[in-house]
Amino acid sequence: MSEITDYLVIGAGIVGLATAWHLSRLRPEAEITILEKEADLAQHQSSHNSGVIHAGVYYKPRTYMAKNCIEGYRRLLNFCDEHQVGYRICGKLITAVEDWELPHLERLKANAGQNGLTGLRIMNPEEVKEIEPHLHCKGALWVPQTGVVDFAEVCRKLASLLSEHGVEFHFNTRVESIHAVGRRIVVRTGGGEFNAWHVVNCAGLYADKLAFPNPGKASLAVVPFRGEYYVISDEKKDLVKNLVYPVPNPQLPFLGVHFTRRIDHQVDIGPNAVLAFAREGYRMKDVNAGEMADYLRFPGFWRMARRYWKVGIDEIHRSLSKRAFMKKAVQYFPEITEKDVQRGPSGVRAQAIDWYGRPLHDFFFEKQRSVLHCLNVPSPAATASLAIGEVVARKLLS
Ligand SMILES: Cc1cc2nc3c(=O)[nH]c(=O)nc-3n(C[C@H](O)[C@H](O)[C@H](O)COP(=O)(O)OP(=O)(O)OC[C@H]3O[C@@H](n4cnc5c(N)ncnc54)[C@H](O)[C@@H]3O)c2cc1C
């Protein structure tokens, strides 16, 4: 490697890998280096998710989320076809279990139409039974395009293509700071310094920490929200044929607890959205006081807490109590009860909150000279990654 690499990418999650992939295509002769703090790639959000290929129903038209989800969907399927990564297009039902939820199905269908999706259909309970015979509901929106994949496998394929192209990976290399020295960018890590002409920060749950070393000057904070899943027993899992989602609360950036038949046919229920006490706080007992202070010091956090404290307390209650978690789930599948599920995996979302305490509802990138920070790339960023990677690469090159 020369003393100054052309492009240095921080983070070997799906966004960092997809960005490096696009850089390698746009600048085939350039030297590209990826720094990752873990011993392997995709150890966090990119492997701790629902594995759903989102079609683009929910996102506000013309936002980065809407455009990149739909473009990313198309590219992801092409990528999987070309590189023999398995996926399954199974469709999903967004389900109303209360009367007041029914008009929201029309709203979501209209939104999906504005995003260019076709073939969606509002179904009555009898029609729903043909797709999900055990689902109880008042009606549902059928989204035929939705599918499932293992995003960690997509990451492994991207990484092997990058290695073949000559991209260098440095694992166990945690970036501590990023500084400009003239035109050069100096990246300090536990294992020494790296120099680059351009840097992309795809550090996920730590992206704000690297972008705003002085939290007093930060315009946003990444707040970790844990999503916990319960796995349905083998005896009962066939009651769920594919994907069943609730009607989401449009105020919140999360889609709600859903039933997912994964690519390997494990069926789970989740994820909830519980404030985590550490950036990588996969369990309630994972507490990191310094990392909590990062968000507690941010004024926007307290504004968010004032607005959503009740939702937050309910989520903590559902996290602590299996009974409380299952109370909502049994409305959809009454035959699946508390004794049929076991605690399963969890993931932690990197959700950016602005100064006014509002969760960002769109992808957000910020360029500081030759450094581009990916500051809000939550769901559906895994689906959208191959489109986001190009957006990020082009922003960096502009
Ligand atoms: C519970 C859950 C469910 C989800 N479900 C879906 C879904 O069904 N469909 C979908 O499309 N999306 C889903 N998402 C969203 C999707 O998984 C993420 O948006 C996506 O994986 C983000 O990728 P990333 O590369 O930005 O982050 P990550 O995968 O978290 O990667 C960031 C990387 O940066 C590394 N890193 C951090 N700090 C440093 C540092 N200082 N130095 C070096 N390396 C560092 C980390 O170790 C990590 O490898 C879900 C997310 C969660 C949490």
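Notes on the structure in this doc start here. (Residues numbered from 1 in each chain as written. Predicted model: local features only at pLDDT ≥ 70, side-chain atom pairs only at ≥ 80, totals over all residues. Heavy atoms only, no water.)

**Some points on the site of the ligand**
Alright, step 1. Neighbouring residues of the ligand: 37 residues in total, closest E36, S46, V52, V377 and T383.
Alright, step 2. The separation between an oxygen atom of the ligand and a polar main-chain atom of V15 is 3.0 Å.
Alright, step 3. The contact in question runs from a nitrogen atom of the ligand to an N or O atom on the side chain of S379, over 3.5 Å.
Alright, step 4. For the ligand, whose accessible area on its own is 1000 Å², the fraction buried by protein is 98%.
Alright, step 5. Residue assignment for the shell around the ligand shows that the elements contributing at least two residues are helix 1 (14-26), strand 18 (341-354) and helix 10 (381-397).
Alright, step 6. Looking at which element gives the most residues to the shell around the ligand, the answer is helix 10, with three residues.
Alright, step 7. Of the residues that constitute the shell around the ligand, the class distribution is 18 nonpolar, 14 polar and five charged. (Near = heavy atom within 4 Å. Polar contact = N/O pair within 3.5 Å; in protein donor to acceptor, adjacent residues only side chain to side chain. Areas by Shrake-Rupley, 256 points an atom, 1.4 Å probe, with all protein chains shown as cover. Helix = DSSP H or I, 4+ residues; strand = E, 2+ residues; numbered from the N terminus. Nonpolar A, V, L, I, M, F, W, Y, C, P; charged D, E, K, R; others polar.)

**Some details on unusual backbone geometry**
Alright, step 1. Cis geometry marks the peptide bond from G270 to P271; its omega dihedral reads -5°.
Alright, step 2. In this structure, P271 sits in the loop between strand 16 (267-270) and strand 17 (274-275).
Alright, step 3. In this structure, P380 follows S379 across a cis peptide bond, with omega equal to 10°.
Alright, step 4. Phi is positive for H265, which is not a glycine, with a value near 75°.
Alright, step 5. Counting through the fold element by element, H265 comes out in the loop between strand 15 (258-261) and strand 16.
Alright, step 6. Although it is not a glycine, R369 adopts a positive phi angle of roughly 55°.

**Considering the pairing of strand 11 (residues 184-189)**
Alright, step 1. Bridge count for strand 10 (residues 175-181) against strand 11 is six bridges, and the pairing is antiparallel. Counted as the bridge partner of A180 is I185 from strand 11.
Alright, step 2. Counted between consecutive antiparallel strands, the loop separating strand 10 from strand 11 contains two residues, among which G182 sits at a positive phi close to 65°.
Alright, step 3. Both strand 11 and strand 12 (residues 192-201) contribute to a ladder of five bridges, which runs antiparallel. Across the sheet, the residue bridging to I185 is A196, located in strand 12.
Alright, step 4. With antiparallel pairing between neighbouring strands as the criterion, strand 11 and strand 12 make up a hairpin whose turn holds two residues. (Pairing = 2+ DSSP bridges.)

**Thoughts on the packing of aromatic side chains**
Alright, step 1. Within this structure, the stated rule accounts for 11 aromatic pairs.
Alright, step 2. Ring plane angle 55° and centroid distance 5.9 Å describe the contact between F259 and Y332, whose orientation is recorded as tilted. Note that F259 is positioned in strand 15 and Y332 in helix 9 (residues 322-332), a separation of 73 residues in sequence.
Alright, step 3. On the basis of relative accessibility, which here comes to 2%, the residue F259 falls in the buried class.
Alright, step 4. Overall, Y332 belongs to the buried group, its relative accessible area being 3%. (Phe/Tyr/Trp six-rings, centres within 6.5 Å; stacked < 30°, edge-to-face > 60°. Buried < 20%, exposed > 50% of the residue type's maximum accessible area, 1.4 Å probe, protein only.)

**Some thoughts on the packing of helix 2 (residues 64-82) against helix 5 (residues 151-165)**
Two quantities define a packed helix pair, namely the angle between the helix axes and the distance between the axes.
Alright, step 1. In contact at an axis separation of 11 Å, helix 2 and helix 5 are set at 70° when each is read in the N-to-C sense. It follows that helix 2 is roughly perpendicular to helix 5 by the angle criterion. Helix 2 and helix 5 meet at a crossing whose hand is left-handed. Contact residues: helix 2 offers L76, F79 and C80, while helix 5 offers F151, V154, K157, L158 and L161.
Alright, step 2. Looking at the contact of helix 2 with helix 5, its residues break down into seven nonpolar, no polar and one charged. (Axes fitted to C-alpha atoms, helices over the stretch in contact; angles between N-to-C directions. Parallel < 35°, antiparallel > 145°, perpendicular 65-115°, else oblique. Left-handed = near helix turned anticlockwise from the far one by under 90°. Contact = heavy atoms within 4.5 Å.)

**Overview of the side chain of N49**
Alright, step 1. When you line up the elements, N49 lands in the loop between strand 2 (32-35) and strand 3 (52-53).
Alright, step 2. Given a relative accessible area of 19%, N49 falls into the buried group.
Alright, step 3. In this structure the side chain of N49 is engaged in a polar contact, spanning 3.3 Å, whose partner is the backbone oxygen of S46.
Alright, step 4. Here N49 is in contact with F151, Y229 and R262, once residues within four sequence places are set aside.

**With respect to the pattern of salt bridges**
Alright, step 1. This model, assessed by the stated rule, comprises 24 salt bridges.
Alright, step 2. The residue K310 makes a salt bridge to D314 at a minimum N-O spacing of 3.7 Å. With K310 and D314 both in helix 8 (residues 299-320) and four residues apart, the pair spans about one turn of that helix.
Alright, step 3. On the basis of relative accessible area, D314 is assigned to the partly exposed category, the value being 31%.
Alright, step 4. Notably, a salt bridge pairs E338 with R323, separated by 3.1 Å at the nearest N-O pair. Linking E338 in the loop between helix 9 and strand 18 with R323 in helix 9, this pair joins segments that are 15 residues apart in sequence. (Salt bridge = Lys/Arg side-chain N within 4 Å of Asp/Glu carboxyl O.)

Fair warning: the whole summary comes from geometry, so function is off the table for now.
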